[in-house]
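Commentary on secondary and tertiary structure
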Amino acid sequence: MAKITFDGIEVEVEDGTTILNAARKIGGNVVPPAMCYYTPLKGSGGKCRVCLVKVTAGSAKDPRPMPKLVASCITPVQDGMVVENTLSEQAMEARKGIVEMLLINHPLDCPVCDQAGECDLQNLSYEHGTSGTRYEEDRRTFDKIDIGPLIQLHMTRCILCYRCVYTADQLTEKRVHGVLGRGDASEIGTYIENSLENEFIGNVIDVCPVGALTDKTFRFKNRVWFTKPMDAHRECETPGCCGKVVLWSRGEEVLRVTARKNEYGEVEEFICNTCRFDKKEMSDWIIDGPRHIARASVIAANHYELPVINPHLVPDLPAHVVDTQIQDQN
Ligand code: SF4
Ligand code: FES
């Protein structure tokens, strides 16, 4: 086991745990955001840099600070490590810079984007973004490509986190898309416009942190915050599908079906295309009850309580964290 201090809070975790997951054990507002790391996907993380933190002491054996900010999602803890996230001005400044960089090419089309209300980049830009832009060059544009009947690709919104690539690699039998090109010419593509129709490919919609991959069966049907999320399940016969979903409906009409996500926006268990795209009747499902939205998002506003830090894990919560929590609760 390794004991680390994160934003002034001590936590004990197994050796090999990343700094980000140690922070998640504490929970609440001290946890760094993550745009490319995704717990169920092997190899994810280390691409977007929004999770940068300052290591002020490397370990009990070698307490020197690390010279540069580190990506918390891929850096393992060491016993005696001291890490600062919200307490470090340098980390906060860097995050602001990363958000500004991610927004350079990202269109501000939240008013028409289906991801609005549950978009990680939208949430991050509210928290860390600046209202103006210093960018004067032309933004990237792409030829529109059709990637099939189920999923809509908006390449201009993509932040190249690779989550959809890992999802297709690790969940489906044959990946037909990837990141093509290099540098600012990189883009998600399918070489010969193969369509993404594999039985588990719908999960790329859930893992995409922005609105680059959206559900064609839900497009422009409703704003997500007007829908009523309900947990539901069915006996799904597709091998590997858990059959546990969230139904997003208005009245009796099921507008979309997604997998269930945790407070970090990560899918708890993946679902098949049949559950996601073909079962849009209430009678297809056994309703478990209203969905608890644990993440900070407009879809939680006025409907659900906000997440609170587990007091058993954090007996001596720093005052600034308690204050923020209380403000949030109010
Ligand atoms: S399409 Fe979405 S999931 Fe895929 S790389 Fe781009 S942002 Fe990430
Ligand atoms: S979440 Fe750590 S680098 Fe992207």
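Residues numbered from 1 in each chain as written. Chains lettered and ligands numbered in written order. Predicted model: local features only at pLDDT ≥ 70, side-chain atom pairs only at ≥ 80, totals over all residues.

Some points on the environment of Asn85
Worth spelling out the cut-off: A run of H or I in DSSP counts as a helix once it spans at least four residues, and a run of E counts as a strand once it spans at least two, with each numbered from the N terminus. Contact definition: two residues whose C-beta atoms, as placed from backbone geometry, lie within 7 Å.
Examined against the element boundaries, Asn85 turns out to sit in the loop between strand S5 (82–84) and helix H2 (89–104). Distance in space between the C-alpha atoms of Asn85 and Phe6 is 7.5 Å, their sequence separation being 79 residues. Residue contacts for Asn85: discarding those within four places in its chain leaves Phe6, Asp7, Ala23, Val30, Pro32, Val53 and Ala91.

Things to note about the site of ligand 1
Test applied: Any residue qualifies as near a molecule or strand once its backbone-derived C-beta atom lies within 6 Å of it. Side-chain classes are defined by residue name, with Ala, Val, Leu, Ile, Met, Phe, Trp, Tyr, Cys and Pro counting as nonpolar, Asp, Glu, Lys and Arg as charged, and the others, Gly among them, as polar.
If you check the shell around ligand 1, you find 14 residues, and the closest are Cys158, Cys161, Cys164, Cys208 and Ala212. Classifying every residue of the shell around ligand 1 gives 13 nonpolar, no polar and 1 charged.

Regarding the UniProt feature "domain: 4Fe-4S His(Cys)3-ligated-type" (unreviewed entry) in the protein
Just so we agree on the cut-off: UniProt positions are given in the numbering used here, feature names are shortened, and annotations may be inferred rather than shown by experiment.
Here the UniProt-annotated "domain: 4Fe-4S His(Cys)3-ligated-type" (unreviewed entry) positions come out as residues 90–129. Secondary structure over residues 90–129 splits into 60% helix and 0% strand, and the C-alpha atoms at its two ends are 15 Å apart.

Digging into the environment of Leu102
Checked against the element boundaries, Leu102 lands in helix H2. For the pair Leu102 and Gly27, spaced 75 residues apart in the sequence, the C-alpha separation amounts to 25 Å. Beyond its immediate sequence surroundings of up to four residues, Leu102 is in contact with Leu121 and Ile159.

Let's talk about the sheet that holds strand S13 (residues 286–290)
Inclusion rule: Strand pairing requires that DSSP identify at least two bridges connecting the strands. Inter-axis angles, ranging from 0 to 180 degrees, are taken between N-to-C directions of lines fitted to C-alpha atoms, where helices are fitted over the stretch in contact.
If you walk across this open sheet you meet the 4 strands as S12-S11-S10-S13, and the pairing is antiparallel. At either margin of the open sheet sits one strand with a lone partner, and together these are strand S12 (253–259) and S13. The mean angle between the axes of side-by-side strands here comes to 35 degrees, regardless of whether they run parallel or antiparallel. In this sheet, S13 lies alongside strand S10 (residues 228–233) in antiparallel orientation, the contact comprising 4 bridges. Across the sheet, His233 pairs through a bridge with Ile286, a residue of S13.

Topic: the sheet that holds strand S1 (residues 2–6)
Spatially, 5 strands are ordered S2-S1-S5-S3-S4 in an open sheet, and the strand pairing comes out mixed. Looking at which strands have only one partner, the edges of the open sheet turn out to be strand S2 (9–13) and strand S4 (70–71). Contacting S1, S2, strand S3 (52–57) and S5, helix H1 (residues 19–26) runs over the sheet at an angle of about 115 degrees to S2. Across the sheet, H2 touches S3 and S5, and the angle it forms with S3 is around 160 degrees.

Focus: H2
Quick reminder of the rule: Under the convention used throughout, the expected extent of a helix is 1.5 Å for every residue step, that is, one less than its residue count. Exposure classification rests on a simple neighbour count of other C-beta atoms within 10 Å of a residue's own: a residue reaching 20 or more is buried, one at 12 or fewer is exposed, and one in between is partly exposed. C-beta atoms are placed from the backbone. Regarding the arc, it is the one traced by the directions from the helix axis to the C-beta atoms.
Between its first and last C-alpha atoms H2 spans 23 Å; for 16 residues at 1.5 Å apiece the expected length is 22 Å, and the two agree. Of all the residues in H2, the buried ones are Ala91, Arg95, Val99 and Leu102. An end-on view of H2 places all buried positions within 80 degrees of arc, on one side of the element.

Describing the pairing of S12
In terms of burial, S12 is largely enclosed, as 5 of its 7 residues are buried. Across 6 bridges, the pairing between strand S11 (residues 244–250) and S12 is antiparallel. The residue bridging Ser249 from the neighbouring strand is Val254, located in S12. Here S11 folds back onto S12 in antiparallel fashion, the turn holding 2 residues, of which Gly251 has a positive phi close to 60 degrees.

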